[in-house]
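Understanding the architecture of this molecule
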Amino acid sequence: MGKPSDLIQGTLDLLILKTVSLEPKHGWAIAKRIQQVSQDALQVTQGSLYPALHRLEQQGWLRAKTGQTDTGREAKFYALTPAGRKQLARELESWDRLSGAIGLVVRDGEA
Amino acid sequence: MPRTLDRLWHRLRALLLRRRADTSLAAEIALHLEEAEREHRARGLGPAEARLAARRDFGGVALIEEQCRDTRRVALAQSLIQDLRYGLRALLAQPLVVLAATASIGAGAGATAFVVNLASELLLAKPSGRDVDALVNIRLDGNSHVSYADWRALDDAGALDGLAGYHVEGSVNIRQGDRTDAVVPMLVTANFFDVLGVPLALGRGFTAVEAAAERNPRLVVVSDGFWRARLGADPGAVGRALIVNGEPYTILGVLPKGLKSMPGFGLAPEVYLPLSGALLPGLYHPHAAAAQLVGRLKPGAGIAQAAAALDTVVRRRRVEDPDRPRHLGAMTPVTSGVPGLGSIWSFFAVLVVVGGLVLGIACANVAGLLLARNTVRQKELALRVALGASRARVAQQLFVESIWLAVLGTISGVLVMVLAMAVVGNVPLPLPLPLELGVPLDWRLFALTLSMVVIATVASGVLPALSGSRDALSPALKQTERAYVHRRWTLRGLLVIGQVTLSVGLVVTALLFVRNLSLARTSSPGFDTAQTVVAQLGLVESRYTPETRVAFLQQAVERVEALPGVERAAFAFGMPLSIRHGRTSGARLTIAGEPATSGFPASWAENIVGPGYFDTIGIARRQGRDFTAADTVGTPPVAIVNETFVRRYLSGRTPIGLHVMLPGPGHDIDHEIVGVVADSRHRSIGESQMAAIYLAYLQRPADGRVVHVLARVSGDPAASLRPVASVLAELDRSAAVDVQTVSQSLAFAFLPSRVGAALLGGLGAIGLTLAMAGLFAMVSYSVTRRTKEIGVRMALGAPAGAVVRLVVADAAVLVATGLVIGLVLAALVTQPLAMFLVDGLSPHDPLAFAGTALLFAAVSVAATIPPVRRAIGVGPLVALRTE
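Residues numbered from 1 in each chain as written. Chains lettered and ligands numbered in written order. Predicted model: local features only at pLDDT ≥ 70, side-chain atom pairs only at ≥ 80, totals over all residues. Heavy atoms only, no water.

Focus: the overall build of chain A
What counts is decided by this rule: Put simply, DSSP marks the helices as runs of H or I at least four residues long and the strands as runs of E at least two long, and each gets a number from the N terminus on. We call a residue buried when its accessible area falls under 20% of the maximum for its residue type, exposed when it is over 50%, and partly exposed in between, using a 1.4 Å probe and counting protein chains only. Residue contacts follow a heavy-atom distance rule, with two residues in contact if any of their heavy atoms lie within 4.5 Å.
Each helix and strand in chain A was counted, giving four helices and three strands. Helices and strands appear in chain A in the N-to-C order α-β-α-α-β-β-α. Here chain A, with 111 residues, has 41% of them falling under the buried criterion. Considering only contacts in chain A between residues 6 or more positions apart, those separated by 24 or more positions represent 47%.

Shown next, in the form of structure tokens:
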């Protein structure tokens, strides 16, 4: 039951928040969407997806609603709350800073 | 903070709607699995393979569900409820363990609570009254009592919001029909009820005006006990007459049940009477010790302020009359308890320590039990860890089981305490004073027991819980590796040592008191207790002058001697070893004819006796003569001393014929020593031998209302009780007559050692049993754990004897370590007990210490042998297979 490192955990939150910011989605769809958009580079393990969803809901950034899937099944759809939108902005900003900083470090001397 | 509220709502909802949340989670996961399965099928897998693949990708469903639940943060509350349920079930599966643990903690906590309770009741109980926090005890100079005139003057001075006095010594005679009994009264100043605001159940208390001593009040307020026992709980008792000292008094009121009297100690005077010249002859004498003072502070006034005001009054009076008290001695709040009771305090301190020891042993016991249980459950715990439980979670579960023990322990603790209180309440103590130890079972007692049980359970639950959870973290299910590794200084070993240490202290104390009792019983008081009877006479003082009193006593002795079976009779002021044993004096003595500088400080017991006293009570006369009927007022004063007096103070002189200057009223009086008698006990059976001086009653008719008539009989002393009583009662109908055999009258003298032996012996027995059971369980358990090791040793050819030695030696090291530490600590603990022990019994009595050591050695061997025998009896192969 190894826990994901802080970086990965933080990144997963960001990915989830970003994914549901466009429209409410259920768990499976969130995982699929991340996989597709990243062109299969990012595989969200279910073991971390659901606890993360529940945690985000707990923190008030996501709100769960019952909705219909494409196949007509009832499912739990996660939507971004206003607080979640602010959190997404914060996370995006810190991600930009972080990735930019990492970029500067790893590309140092190449230019 | 709407977010916080929102989150809280989420959690609450999750807790309340746990089932629904779980269903929704399950549905969510099921959907996920379905979608994954569909995708796999779309890639061309068969239905079964697709389902498997989806599951494989997903991982442990249960684990993920659990993690999701954890995020809801209701896990703690939820798992607590779960643990409580599980804990109860697990405990009930081992009822013996539960019973032992509960009983241990209950006995320890109950016993301690009982002792604390008794002590606080005896020493700290607040008297009943209105706003007792404003009441203060007052002493002038160093004296507890002041004269009647002093009380009057100080009360009138108005420094306080009322100043009352009371007087508990002595007794009054109550006649009902043909019976006259002496009862202990509380003589109080007229304003007593006004100042203290003592509550009444029926009627009222007397007021300052109607009860003024100068008006010779004939009023009485009776206690609840008196009202029930002697007035038949008559609701119409108020207004009836009661014959006190031969005169009718009007009953004004009845005090409520459970009233706490002013002097404290659970003392419950049976009647409250206004001070008067009739009840306290010499009341108006300027030096008579008439009353102890209790005052009420003025509203808003501090104690320092009041003390200063009163001190000014006292000093001003002193200027007017140099014969008055010099200054205010002390002013202390009534609620601060009774001062100057060091010995009673230390007795209870010892009891509390002993109670604490019992509790400590109980804790060690329970810790041992839990530890043993955890070891047995190692695999279960390992399994829980393997399934993902955190260490905190396992510790929580183990700890929760102790909560159940606490609940059960409290119940049994309260039961033990109730039982103990019932026993104490119903055992009649041979006390010369009426004591009422009404100890109500209120919430404070319950809280006390509960807190002790909780502390005990936490203390005994923490270590095993932590060690249990640590053990569980050791590689799962690999317990087998440890079976061959034997460590001595484990937690369990330390528990054995701790338990032995504690119980050694307890057992030494208990043995010491049991020894004390047996020594006290067999030690001779120095006079005959087998063939003697003693009558205590309570005379109504106002009916006698010194001359008629002597005549009455001489007549009484004549009449008693005339009875069949009575060989000899005599009268005396004091009866040794009773509460009225005479006086204890101290002064600088000089011998007539020697220079004043040769004086020596001396202290001695003093009794004033009639002719024939020594022959009657059986104190041998060594030299010189006895007092005779010729030693009367007007003849030169004579005295008889005991051998210790001669040895201690008159060394090198011939005692007979010496003239000693003894302090008399006003000036020293020359007394000629005419006889020397054997030593005997005076105040208590355990005292160190006192020097004694006997004075001739006929020369110095003693004051005080109580005198004793003693008789030596040839047959069964019990048979002569009734004839002696009736002869004396015929002589003076108003006198209270109480006849006992001397051995019966000694019950009071044995009381301290008997109470000590009973209390400490009882606690000691509980503690010893607990310690023995714990020791037995732990030693035999650790031997059982080594069954496999023993099997290997036997298989490799170790002789049975060597194995036995090995195991026994192992237990012996633990027990011996505890024993040595315990004995050293016990030596320190028993030091303050010296004052309760009879002369000649050291608090480091070798017999008690050696006995304790032997006892523990025997028990530890006994605890080791059976399991070892079982272990070596089992074949090596079987032993190897045991788990």
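Describing unusual backbone geometry
Residues and elements named next belong to chain B. Non-glycine residue N216 carries a positive phi angle of around 50°. In this structure N216 comes out as partly exposed when scored by relative accessible area, which is 42%. Within the chain, A233 stands out as a residue other than glycine whose phi angle is a positive 50°. Tracing the backbone shows A233 in the loop between α9 (224-230) and β9 (241-244). Looking at A233, the relative accessible area reads 28%, which means it is partly exposed.

Some remarks on the pairing of strand β15 (residues 566-572) of chain B
Residue and element names in this part refer to chain B. Definition in use: A pair of strands is treated as paired once DSSP finds two or more bridges between them.
For β15, a buried count of five out of seven residues is recorded, marking the element as mostly surrounded by other parts of the structure. Pairing of β15 with strand β23 (residues 706-713), which is carried by six bridges, proceeds in the antiparallel orientation. Looking across to β23, one finds that R568 is bridged to R712.

What to know about the confidence of the model for chain A
Residues and elements named next belong to chain A. The cut-off we apply is this: A residue's pLDDT is simply how confident the predictor is in it, with values from 0 to 100.
The predicted model of chain A averages 80 in pLDDT, with 89% of residues at 70 or higher. Taken element by element, the predicted model of chain A shows its lowest mean pLDDT in helix α1 (residues 6-22) (76) and its highest in helix α4 (residues 82-106) (87). Across residues 1-7 the pLDDT falls below 50, and counting only partners more than four positions away or on other chains, this stretch makes five contacts in the model.

With respect to the interface of chain A and chain B
How we decide: What gets called buried area is simply the loss in accessible area from a 1.4 Å probe that two parts show on being joined, summed for both. Any Lys or Arg side-chain nitrogen located within 4 Å of an Asp or Glu carboxyl oxygen qualifies as a salt bridge. N or O atoms closer than or at 3.5 Å make up a polar contact, with two conditions inside protein: a donor-capable atom paired with an acceptor-capable one, and, for residues adjacent in sequence, both atoms drawn from side chains.
Each partner contributes to the interface: chain A provides 24 residues, whereas chain B provides 23 residues. The junction of chain A with chain B conceals about 2200 Å² of combined surface from both sides, 57% of it contributed by carbon and sulfur atoms. Three residues stand out in chain A for area buried against chain B, namely W28, Y50 and Q58 of chain A, and they jointly supply 31% of the buried area on that side. Between the two partners, chain A and chain B, sit two salt bridges. A salt bridge links K32 of chain A to E39 of chain B; the shortest N-O distance between them is 2.6 Å. Joining chain A to chain B, the criterion identifies four residue pairs in polar contact (both at pLDDT 80 or more). Elements supplying a minimum of two residues to the side of chain A that touches chain B: α2 (27-37), α3 (46-58) and β3 (74-80) of chain A.

Quick word on the pairing of strand β8 (residues 219-222) of chain B
Residue and element names in this part refer to chain B. Side-chain alternation along β8 places L219 and V221 on one buried face and V220 and V222 on a second face that is also buried. In the sheet, β8 pairs with strand β10 (residues 247-254) via four bridges, with the strands oriented parallel. Bridge pairing in β10 places V222 opposite V254. Here β8 runs beside strand β11 (residues 271-274); their pairing, made up of two bridges, is antiparallel. Counted as the bridge partner of V222 is V271 from β11.

A word on the environment of G129 of chain B
Residues and elements named next belong to chain B. Within the secondary structure, G129 sits in the loop between α6 (95-124) and β1 (135-140). You can call G129 partly exposed: its relative accessible area is 30%. Taking C-alpha positions, G129 is 9.0 Å from M262, a pair spaced 133 residues apart along the chain. Ignoring sequence-local partners within four residues, the contact set of G129 consists of L196, G197, V198 and P199.

Details of the packing of helix α23 (residues 800-830) of chain B against helix α24 (residues 846-873) of chain B
Axes are the key here: two packed helices are described by the angle between their axes and the distance separating the axes. Residue and element names in this part refer to chain B. Stated precisely, the cut-off is as follows: Only the stretch in contact is used when a helix axis is fitted, and all axes are lines through C-alpha atoms; the angle between N-to-C directions ranges over 0 to 180 degrees. Angle categories: roughly parallel below 35 degrees, roughly antiparallel above 145, roughly perpendicular from 65 to 115, and oblique for all the rest. Two helices that cross are described as forming a left-handed crossing if the nearer one is turned anticlockwise from the farther one by less than a right angle, and a right-handed crossing if clockwise.
Running from N to C, α23 and α24 cross one another at 155°; their axes reach a closest spacing of 9 Å. The orientation of α23 with respect to α24, classified from their angle, is roughly antiparallel. Crossing handedness for the pair α23 and α24: right-handed. Contacts between α23 and α24 pair A800, V803, V804, V807, V808, A811, V815, L819, L823, A826, A827 and T830 from the former with F849, A853, F856, S860, T864, I865, V868 and I872 from the latter.

Comments concerning a nonpolar patch on the surface
What counts is decided by this rule: Grouping into patches uses exposed residues only, defined as over 30% relative accessible area, and leaves out salt-bridged ones; the cut-off is 9 Å for like charges and 5 Å for nonpolar side chains (Val, Leu, Ile, Met, Phe, Trp, Tyr). Accessible surface is estimated by sampling points in the Shrake-Rupley manner with a 1.4 Å probe; for residues, cover comes only from the protein chains shown.
The grouping of W95, L98, I102, L104, V105 and V106 of chain A at the surface amounts to a nonpolar patch, some 590 Å² of accessible area in total. Relative to the assigned elements, L98 of chain A resides in helix α4.

Considering the nonpolar core
All names here are of chain B. Let me state the cut-off plainly: Side-chain atoms within 4.5 Å are what join buried Ala, Val, Leu, Ile, Met, Phe, Trp, Tyr and Cys residues into a set we call a nonpolar core.
Within the largest apolar cluster, 48 residues are counted, with the highest numbers of intra-cluster contacts made by V560, F645 and L650. For this core, the leading source of residues is helix α16 (residues 546-561), giving six residues. Beyond its immediate stretch of four places on either side in the chain, L650 contacts I591, F600, F645, P655, L658 and I673. Counting 43 residues, the second-largest nonpolar core is a separate cluster that includes V136, L275, A290 and V314.

Overview of the packing of aromatic side chains
Residue and element names in this part refer to chain B. Heads up, the condition is: When the centres of two rings from Phe, Tyr and Trp lie within 6.5 Å, Trp using its six-membered ring, the rings pair. Their planes under 30 degrees apart give stacked, over 60 give edge-to-face, and anything left gives tilted.
Tallied over the entire structure, the rule returns 13 aromatic pairs over all chains. With a centroid separation of 5.4 Å and 50° between ring planes, the pair formed by Y148 and W151 is classed as tilted. Remark: W151 and Y148 occur in helix α7 (residues 148-157); sequence separation between them is three residues, near one turn of the helix. The exposure class of Y148 is buried, given its relative accessible area of 5%. Ring geometry for F571 against Y697: centres 5.1 Å apart, planes inclined by 85°, an arrangement best described as edge-to-face. Of this pair, F571 sits in strand β15 while Y697 sits in the loop between β22 (692-696) and β23; the two residues are 126 residues apart in sequence, bridging distant segments of the chain. The exposure class of F571 is buried, given its relative accessible area of 3%. What makes Y697 buried here is its relative accessible area of 0%. Grouping aromatic residues by their ring pairs yields a cluster made of Y166, F192, F193, F206 and Y272.

Description of the packing of α2 of chain A against α3 of chain A
Residues and elements named next belong to chain A. Using the following cut-off: Amino acids are sorted into nonpolar (Ala, Val, Leu, Ile, Met, Phe, Trp, Tyr, Cys and Pro), charged (Asp, Glu, Lys and Arg) and polar (every other residue, Gly among them).
Contact geometry for α2 and α3: axes closest at 11 Å, N-to-C directions at 120°. It follows from the interaxial angle that α2 and α3 lie oblique. As α2 runs across α3, the sense of the crossing is right-handed. Of the residues in α3, those in contact with G27, W28, I30 and A31 of α2 are L49, Y50 and L53. Its residues assigned to classes, the contact of α2 with α3 shows six nonpolar, one polar and no charged.

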